[in-house]
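# Coordinate analysis (summary)
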Amino acid sequence: MHTHPVHDFQYKKGQLYCEGVSVASIVKETGTPVYIYSYQTLVDHYRKIVEAFSSVNPLVCFAMKANGNPAVLKVLAKEGAGFDIVSGGELEKVRMLKADMKRVVFASVGKTDEEIRAAITAGILLFNVESLPELRNINRIAGQMKKRVQVALRINPDIDTPTHEKINTGSLKKKFGIDLRTAREIFLGRSAWRNLLVNGVHIHIGSQILTGEPFLTAVERALAFVDELKADGVRIEYFDIGGGMGIVYKDETPQTAQEYARKVLPLLKGRDFRFIMEPGRFIAGNAGILVTKKLYLKDNGVKKFMIVDAGMNDLVRPSMYGSYHEIIPVRQSAAPSLVCDVVGPICESGDVFAHDRCLPDVKDGELLALLSAGAYGYAMASNYNARPRAAEVLVRGREWAVVQKRETIKDLVRGSAIPSFV
Ligand code: LLP
């Protein structure tokens, strides 16, 4: 297994390329670790969804928590994407891009007054509300601002999604969404919310879901809920099915966008919803790699460790969720022959990218690429161990540019102070 067929990272004459640019030539200028994104892969995946669901003219709001790089966001905004935001910070980023606020939806279980105010001022399309107290608060703030705002209720369909425990959100044991009974009461009494138009239903059941069934169950449950409301004279305008579509990391066979559409679209026949989707990983996941350099090989007599210059602070998914990321050499080399753990330099036993992985026995200083790192990669990076965050590069055809400079130690201590009493 070398490169996935689902992205634009391929070997040419023994060298790994992103589209028309060799990865090694980028690294020569940026150093490592560095994230590299493919413009074409981003756009292809965005279009796959738009095309598959074209019959319902979906509003595809990229879940920008997956990848918040402004250049990446701009690529998608130019394609017509909206954004699913979860904080005032994300709102501000969208504003700075001058993206269309009427294509922005805002979910989060803990929206603060400041965030609510900022989103109302910006004129976003829809708040995806996650509790009754939050609804009250938005109503109160909208009243103060003399605005009427549109609201969808994120309902919790209480299903058990077959995915990693930490990214499963669709059950009532999780903090997300509103239980159906409460949601129903809110809808039935919606005229009492003077400053709100409560007219949407939102679901998001989890992430990296590989088959259509969980989505289907959730959508069916949401539609049954909508139908009950209809019988009571409540009409729904927005129907947002969230994100969650799984991708290939190793040997998964996730449903395609077409297959997803074939499952879900028949359920939507004859309904005149404004249909919204919030994919994150599906668009960005396979569009990015993390390039790192092998530093050392350590053999302690029990195990071998390949030590690389990226750490869990750069890509936390393997440590946090036990996620698999394919690792390939940037310079194509001999067949894999070395079984080792691939580890970072961080002072944590959990700083492991791969356990007992069979890899080519590359020399010290050689480059390795961790694949499918475009979603929840840089976005979850930290400065743990005083490590500046990596650089990010965007490639389009034969062109490339640094779209996020590598942080410096100065960046890390900006804002720190040592008070006089110390
Ligand atoms: N909509 C909402 C309300 C969400 O909470 C999320 C993701 C999405 C959409 C996008 O889901 P996606 O299409 O990317 O699956 N850090 C974890 C994933 C956390 C997902 C959080 N919410 C990981 O690295 O696997």
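Here the structure is a predicted model, which is why all the values come from computation and not from measurement.

## Describing the sheet that holds strand S3 (residues 21-22)
The three strands lie next to each other as S1-S2-S3, forming an open sheet whose pairing is antiparallel. Each edge of the sheet is formed by a strand with only one pairing partner; in this case those strands are strand S1 (9-12) and S3. Of the pairings in the sheet, the one linking S1 to strand S2 (residues 15-18) comprises four bridges and is antiparallel in character. Across the sheet, residue Tyr11 finds its bridge partner in S2, namely Leu16.

## Comments concerning helix H4 (residues 88-96)
Three or more residues of H4 are buried, namely Glu90, Leu91 and Val94. Looking straight down H4, one finds its buried side chains confined to an arc of 105°; they lie on one side. Contacts from the buried residues of H4 go to strand S6 (82-85), strand S7 (104-107) and helix H5 (113-122). Residue Ser87 occupies the N-cap position of H4, its side-chain oxygen lying 3.3 Å from the main-chain nitrogen of Gly89. Lys98 sits one or two positions beyond H4 and adopts a positive phi of about 60°.

## Description of the pattern of salt bridges
If you walk through the whole model with that rule in mind, you get 19 salt bridges. Across the pair Glu134 and Lys111 runs a salt bridge whose closest N-O atoms are separated by 2.6 Å. Highlighted residues: Glu134 in helix H6 (residues 132-144) and Lys111 in the loop between S7 and H5, separated in sequence by 23 residues. As far as the burial class goes, Glu134 and Lys111 line up, both buried. Connected through shared salt-bridge partners, Arg184, Glu228 and Asp232 make up one network.

## Looking at the pairing of S7
Here S7 shows two buried faces, one formed by Val104 and Phe106 and the other by Val105 and Ala107. Of the strand pairs in this sheet, S6 and S7 are connected by three bridges, and their pairing is parallel. By the bridge assignment for S7, Asp84 is matched with Val105. Each parallel crossover has a hand, and for S6 linked through H4 to S7 it is right-handed. Where S7 meets strand S8 (residues 126-129), three bridges bridge the pair, whose relative direction is parallel. The residue bridging Phe106 from the neighbouring strand is Phe127, located in S8. Once the chain exits S7 it traverses H5 before rejoining the sheet at S8, and the crossover so formed is right-handed.

## Points about the domain arrangement of the chain
Domain boundaries assigned for the chain yield domain 1 (9-38 + 285-413) and domain 2 (107-279). Using only C-alpha atoms to locate each centre, domain 1 and domain 2 end up separated by 35 Å. Every contact between the two is made by nine residues of domain 1 and, on the other side, seven residues of domain 2. For the pair domain 1 and domain 2, the summed buried area comes to about 810 Å², and 56% of that belongs to carbon and sulfur atoms. There are zero salt bridges connecting domain 1 and domain 2. In this assembly, domain 1 and domain 2 are joined by one residue pair in polar contact (both at pLDDT 80 or more). Here the residues of the side of domain 1 that touches domain 2 sort into three nonpolar, four polar and two charged.

## Let's talk about a nonpolar patch on the surface
On the surface, Ile418, Phe421 and Val422 cluster together into a nonpolar patch covering about 450 Å² of accessible area. Tracing the chain through its elements places Ile418 in the segment after helix H12 (409-413).

## Considering the site of the ligand
Around the ligand, 18 residues are found, and the nearest of them are Ser207, Glu278, Arg317, Tyr321 and Tyr376. Here Asp84 contributes a side-chain N or O atom positioned 3.2 Å from a nitrogen atom of the ligand. Taking 590 Å² as the accessible area of the ligand by itself, protein coverage stands at 91%. Its residues assigned to classes, the shell around the ligand shows six nonpolar, six polar and six charged. Taken together, domain 1 (9-38 + 285-413) and domain 2 (107-279) each give at least three residues to the shell around the ligand, which thus spans both.

## Concerning the nonpolar core
Core analysis: the largest hydrophobic core is formed by 102 residues, its most contacted members being Phe53, Phe127, Leu153 and Phe239. The dominant element in this core, judged by the number of residues it contributes, is helix H8 (residues 213-231), at eight residues. For Phe239, the residues in contact, after removing those within four places along its chain, are Val201, Val219, Ala222, Leu223, Val226, Leu268, Phe273, Arg274, Phe275 and Ile276. Counting 20 residues, the second largest nonpolar core, distinct from the first, contains Ile26, Val330, Ala369 and Val395.

Definitions and cut-offs
- Residues numbered from 1 in each chain as written.
- Predicted model: local features only at pLDDT ≥ 70, side-chain atom pairs only at ≥ 80, totals over all residues.
- Heavy atoms only, no water.
- Pairing = 2+ DSSP bridges.
- Helix = DSSP H or I, 4+ residues; strand = E, 2+ residues; numbered from the N terminus.
- Buried < 20%, exposed > 50% of the residue type's maximum accessible area, 1.4 Å probe, protein only.
- Arc of directions from axis to C-beta.
- Contact = heavy atoms within 4.5 Å.
- Polar contact = N/O pair within 3.5 Å; in protein donor to acceptor, adjacent residues only side chain to side chain.
- Salt bridge = Lys/Arg side-chain N within 4 Å of Asp/Glu carboxyl O.
- Right-handed = clockwise from strand over helix to strand, strands pointing away.
- Domains from an automatic or database assignment.
- Buried area = accessible area lost by both parts, 1.4 Å probe.
- Nonpolar A, V, L, I, M, F, W, Y, C, P; charged D, E, K, R; others polar.
- Patch = residues over 30% accessible without salt bridge, like charges linked within 9 Å, V, L, I, M, F, W, Y side chains within 5 Å.
- Areas by Shrake-Rupley, 256 points an atom, 1.4 Å probe, with all protein chains shown as cover.
- Near = heavy atom within 4 Å.
- Core = buried A, V, L, I, M, F, W, Y, C linked by side-chain atoms within 4.5 Å.

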